[in-house]
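# Observations on the three-dimensional arrangement
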Amino acid sequence: MPRNSLVLAGIFLLSFLLPAKAQTETRAAFLVGNAAYEFTDALDTPTHDVELLAGVLEDLGFETHQYTNLTRKETASELTYFLDETKGADVLLFYFGGHGIQFEGRNYLVGIDAQLDTEFDIEAEALALDRVVERFERASRTALVFVDASRENSLADQFYEQTYPATRLDLARGLAAVDSIPAGTLLAFSASPGQVVSDDGQNALFAEALAQHLPTPDIDISSVLKRVVFEVQASTESRQVPIAQESLLQKVYLDLGSGDEGEAIDYDQQKAMFQAALQMDSLRALRLYTKRFPEGFFSDMAAKELDRLQSRALLEDIHLAIGDVDALDRPDVPNAIAQGVERSLGVSSDDVKEAQADLARLGYSVGPVDGVIGPRTRSAIAGFQSDTGLPPSGILTAATATALGVHLARSNIPAVPTYSSRIAQRYDADQVGLVESDARLLHALRALNGYDLTYGFFENHIYVAVNLWTQLDWDDAVEFAKRAGGHLVTLTSAAENSFVFDLIRHDENFWTFWEDPESGPGATGPTLGLVQEEGSREPGGGWTWVTSEELEFQNWRKGQPNNHNGMDFVATYMVMGEAGTDRELIGWEPSWADQPVLSKTLIIEIE
């Protein structure tokens, strides 16, 4: 039975045990209440609404950022700071109370200083709601956006009268319907498209209903919004009907009760993410699980799987041919590599002393208990790992420490790897969506369904290396990349070039290997987004990136481009190695070469 099947079977058995409560999610909320408008109707409730909701959200574990009476510029500035500070949160929430306006099918949130004398003032004096939604989604696993901006608004009326013919005025009032929202997002409006509501009482009806129902225990957010909609609709006799759209990747609970039901929901959420991470067989996926649930119900299992994958990667990096990692005797892991792994785990001298003492009590020969991992301690660790079913790397990994009873600081959880996997595989977008949260990535995976691929992140760009198993012409390749939401990769720095090569160097299926009698072994890799314009002077004229970026950074192999085969017009990766080197390209240097046809593999960059 495959290892992942054994682990999944273990999860099934553990399902009969009482689950442990999960680590609290990281949650943050940005709340704006605009009331003191300078050039249109002042409002009574938004400042009170923000205060009411801030208290409720703080009780639900949100770090709240509360603002009143912001200009458009102030809103943008504070939002930028907030999103930078909370990037990677499990849940980000945005609430806006104030005036809104629609124009050309887009909704805008109006700053208190807006005058909107002409249609050209919209972007400068109001904030596009779709941009807010997009940024919140990109910065978090789950984005919850609430907009209470369908109020009587003389500024909007004046703007519409100047902009729209009389026959369309009624259609322009209120906010516009939204066709689609990014994956992992819920967007709720206080009223249906075209409806206008008025302020009565200290708080708006929508805010009151949110404050009442958000804390409901053991109810997912989609069900909470149904209760909010029903309450507001009933109390206004359908004059005001809130509307919610969602594309959440899994059920989101803001309040898990302390009873069995809350614990069971919590357990199910962890289980779904851990199972998805296991199926992906990815260090990155398991690190994302560990980061989200550092004290989670499956954290020990995750640590063991991380050990296995880390050991496999280590062995590959030191040129060991492996089959079953666990079947190996003590592998010869260079001490520098072992120390690097231990540093990344935050292993301290005191941790080593504790491990040495525990190993000695168990009968392993460690030498002096001095907090230094020398050859005898490494051998003892490897022996203990082998005896307990862990990969015998000799490294004091997290799973090894747990098995010995040594508690490494949870704050030292290693950084999440930037690559999904060393070997391309077929990913199910819905499964990946339980682990990853980037909407760009999930869109690309859906567009590339059925292809073997691997992906990685560099400077907020996503890179997807795809094995097509067939050749495309240039126009088809460009269109193929567009369907995935990106373009053929453009390499504009040495760092980016090195990152992309690292993404593909471990999988020989991305390369066509050959042997040159004079220069030795080599390989041709994926097609880049570098093309020679038709009619250009050969061999070096007219080369341009598909995005029209200037060709400032260049990494041509010596003697390239050379138009060797005639009509060479696209660039691919090329690597050269010394005789006897392996096919994983370890130690090989990446460069570019011109070719007459596209490779069967290509790299897509998503900005």
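What you see is a predicted model, and the numbers here were worked out from it, not measured in a lab.

Turning our eyes to something else, we now look at unusual backbone geometry. Of note, the bond from Glu538 into Pro539 is cis; its omega dihedral lies within 30 degrees of zero at 0°. Within the secondary structure, Pro539 is located in the loop between strand 14 (520-532) and strand 15 (543-545). The linkage connecting Gln560 with the following residue, Pro561, adopts the cis geometry, with an omega of -10°. Assignment of secondary structure puts Pro561 in the loop between strand 15 and strand 16 (570-576). A positive phi angle, close to 55°, is found at Glu237, a residue other than glycine. Within the secondary structure, Glu237 is located in the loop between helix 9 (221-235) and strand 9 (243-246). Positive phi, close to 70°, is recorded for Ser548, a residue that is not glycine.

With respect to topology, 3 strands assemble into an open sheet ordered 4-5-6, the strand pairing being antiparallel. The outermost strands of the open sheet, each flanked by one partner alone, are strand 4 (100-103) and strand 6 (126-128). The mean inter-strand angle of the sheet, taken between neighbouring strand axes irrespective of direction, is 35°. As paired strands, strand 5 (residues 106-110) and strand 6 are joined by 3 bridges and run antiparallel to one another. Its bridge partner lying in strand 6, Leu109 is registered against Leu127. On the sheet, helix 5 (residues 129-138) packs against strand 5 and strand 6 and is oriented at approximately 50° with respect to strand 6.

Compared with an ideal rise of 1.5 Å per residue, which puts 14 residues at 20 Å, helix 2 (residues 46-59) spans 20 Å between its outermost C-alpha atoms and is within 8% of the ideal. Listed as buried for helix 2 are Pro46, Asp49, Val50, Leu53, Ala54, Val56 and Leu57. Close packing links the buried residues of helix 2 with strand 1 (27-33), strand 2 (63-68), strand 3 (89-97), strand 7 (140-148) and helix 8 (205-213). A positive phi of about 90° marks Gly61, the residue just after helix 2.

A few words on the packing of aromatic side chains. A ring pair, where both rings are aromatic, is described by two values, the distance of the centres and the angle of the planes. Under the defined criterion, the tally for this structure stands at 24 aromatic pairs. When the ring of Tyr364 is compared with that of Phe384, the centres are 6.1 Å apart and the planes differ by 85°; the resulting orientation is edge-to-face. With Tyr364 in the loop between helix 14 (349-361) and helix 15 (375-387) and Phe384 in helix 15, this residue pair connects regions lying 20 residues apart in the sequence. Under the relative-accessibility criterion, Phe384 is labelled buried at 5%. The rings of Tyr267, Phe274, Tyr289, Phe293, Phe297 and Phe298 are connected pair by pair, giving a single aromatic cluster.

Here the focus is the nonpolar core. Taken as a class, soluble globular proteins show a tendency for nonpolar side chains to be buried jointly. Tyr455, Val466 and Ile604 are the most contacted members of the largest nonpolar core, which totals 48 residues. No other element matches the 7 residues that helix 10 (residues 260-280) contributes to this core. Residue contacts for Ile604: discarding those within four places in its chain leaves Leu448, Ile462, Tyr463, Val464, Val466, Phe480, Ala481, Ala484, Gly486 and His487. Membership of the second largest hydrophobic core comes to 40 residues, among which are Ala35, Leu43, Ile122 and Ala143.

Attention now moves to the packing of helix 2 against helix 8. Orientation of helix 2 relative to helix 8, taken along the N-to-C sense of each, is 10°, at an axis distance of 9 Å. Here helix 2 is positioned roughly parallel relative to helix 8, judged by the angle of their axes. Two secondary-structure elements touch here, helix 2 through Asp49, Leu52, Leu53 and Val56 and helix 8 through Ala207, Glu208, Leu210 and Ala211.

On the basis of which strands lie adjacent, the open sheet formed by 6 strands has the order 2-1-3-7-8-9 and mixed pairing. With partners counted over all chains shown, the strands left at the sheet margins are strand 2 and strand 9, one partner each. The average angle at which neighbouring strand axes cross in this sheet is 10°, direction not considered. Docked against the sheet, helix 8 engages strand 3, strand 7 and strand 8 (185-189), running at close to 140° with respect to strand 7.

Calculation rules
- Residues numbered from 1 in each chain as written.
- Predicted model: local features only at pLDDT ≥ 70, side-chain atom pairs only at ≥ 80, totals over all residues.
- Heavy atoms only, no water.
- Helix = DSSP H or I, 4+ residues; strand = E, 2+ residues; numbered from the N terminus.
- Pairing = 2+ DSSP bridges.
- Axes fitted to C-alpha atoms, helices over the stretch in contact; angles between N-to-C directions.
- Contact = heavy atoms within 4.5 Å.
- Expected span 1.5 Å × (residues − 1).
- Buried < 20%, exposed > 50% of the residue type's maximum accessible area, 1.4 Å probe, protein only.
- Phe/Tyr/Trp six-rings, centres within 6.5 Å; stacked < 30°, edge-to-face > 60°.
- Core = buried A, V, L, I, M, F, W, Y, C linked by side-chain atoms within 4.5 Å.
- Parallel < 35°, antiparallel > 145°, perpendicular 65-115°, else oblique.

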